[in-house]
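Listed below, chain by chain, are the residues.
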Amino acid sequence: YIIKIMIKVGITGASGMIGWHLRAYLEMKGLSEIKIATRETFQSKSNLLSFVKNIDVIFHLASQCRGDDLIKINSKIDRSLLDAIEEVSSTPHIIFASSNHINISKSSTYARSKILSTNYFENWASKKGIRFTNVIIPHVFGENGKPFHNSVIATFSYQLARGEKITLLVDKKLELVHAQKLADRFYEIALKS
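Parameters at a glance
Residues numbered from 1 in each chain as written. Predicted model: local features only at pLDDT ≥ 70, side-chain atom pairs only at ≥ 80, totals over all residues. Heavy atoms only, no water. Helix = DSSP H or I, 4+ residues; strand = E, 2+ residues; numbered from the N terminus. Expected span 1.5 Å × (residues − 1). Buried < 20%, exposed > 50% of the residue type's maximum accessible area, 1.4 Å probe, protein only. Arc of directions from axis to C-beta. Salt bridge = Lys/Arg side-chain N within 4 Å of Asp/Glu carboxyl O. Pairing = 2+ DSSP bridges. Right-handed = clockwise from strand over helix to strand, strands pointing away.

Chemist: Would you mind showing me how to read helix 4 (residues 70-87) here?
Modeler: In an α-helix, one full turn covers 3.6 residues, which means residues spaced three or four apart are oriented alike. A rise of 1.5 Å per residue sets the reference length of helix 4, with its 18 residues, at 26 Å; its end C-alpha atoms lie 26 Å apart and thus fit the reference within 8%. For helix 4, the set of buried residues is L70, N74, I77, D78, L81, L82, A84 and I85. Around the axis of helix 4, the buried residues are gathered within 160° of arc, so they sit on the same side. Turned more than 90 degrees away from the buried face of helix 4, the exposed residues are K72 and K76. Immediately downstream of helix 4, the backbone of S89 shows phi near 55°, a positive value.

Chemist: Can you help me understand the pattern of salt bridges in this one?
Modeler: Note on pairing: side chains with opposite charge can pair once their charged atoms come close. Under the definition given, this model contains four salt bridges. Close ionic contact of K128 with E86 constitutes a salt bridge, the shortest N to O distance being 3.7 Å. You can see K128 sitting in helix 6 (residues 109-128) and its partner E86 sitting in helix 4, a full 42 residues away along the chain. Taking the shortest distance from any N to any O, the salt bridge between E188 and R185 comes out at 3.2 Å. Taken together, the residues E188 and R185, both in helix 8 (residues 179-191) and three residues apart, mark about one turn of the helix. Residue classification places E188 among the partly exposed positions, given a relative accessible area of 36%. The partly exposed category is assigned to R185, whose relative accessible area is 39%.

Chemist: Looking at this structure, I do not really get the pairing of strand 4 (residues 93-99). What am I missing?
Modeler: The side chains of a regular strand alternate between both faces of the sheet. Of all seven residues in strand 4, seven are buried; the element is thus mostly enclosed. Taking every second residue as pointing to the same face, both faces of strand 4 are buried, with H93, I95, A97 and S99 on one and I94, F96 and S98 on the other. Pairing of strand 3 (residues 57-60) with strand 4, which is carried by four bridges, proceeds in the parallel orientation. Paired with H60 across the bridge in strand 4 is F96. What joins strand 3 to strand 4 is helix 4, and the crossover it makes is right-handed. Two strands pair when backbone bridges link them, and strand 4 and strand 5 (residues 132-137) are joined in this way by six bridges, in the parallel orientation.

Next comes the structure, spelled out in structure tokens:
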């Protein structure tokens, strides 16, 4: 039996590896409504307003992790989301996907971007009386992972399968989590909303 859970959920960054797994996991768990926000959603104010309207939980996974203007781009994504929430007077529990990079390499642009986003969301949620949960995520691996993008596991597997030379950049232990285990944890947090 699949029991329908009467909670309306939105996922930003749903086409990424974590979002893909989360969406599949939530559908398997029988959530009654799952809204998806893609890059195109963020480019249309009316689509973004529709996404945040009448929603209980937003899993905010959308961010850029590489490239120029990383902080500027991620700040724009965050501001757009919160502006839309305010405009429709929504009060969703925001579950933000941060990264353990904030503890490992605080000086990297990606880590600084995640730190700034976390602070922005925490301050905003506190002022608005909205629940905010910051989830610091270790290295994620799993199906639909892109080599040279999502994780060292995806890159290693890709190179190994093709007989390519494996180059070890840093020799250290990694804290790893499979994307489905992470989806399960996100689900548990959402149920407490």
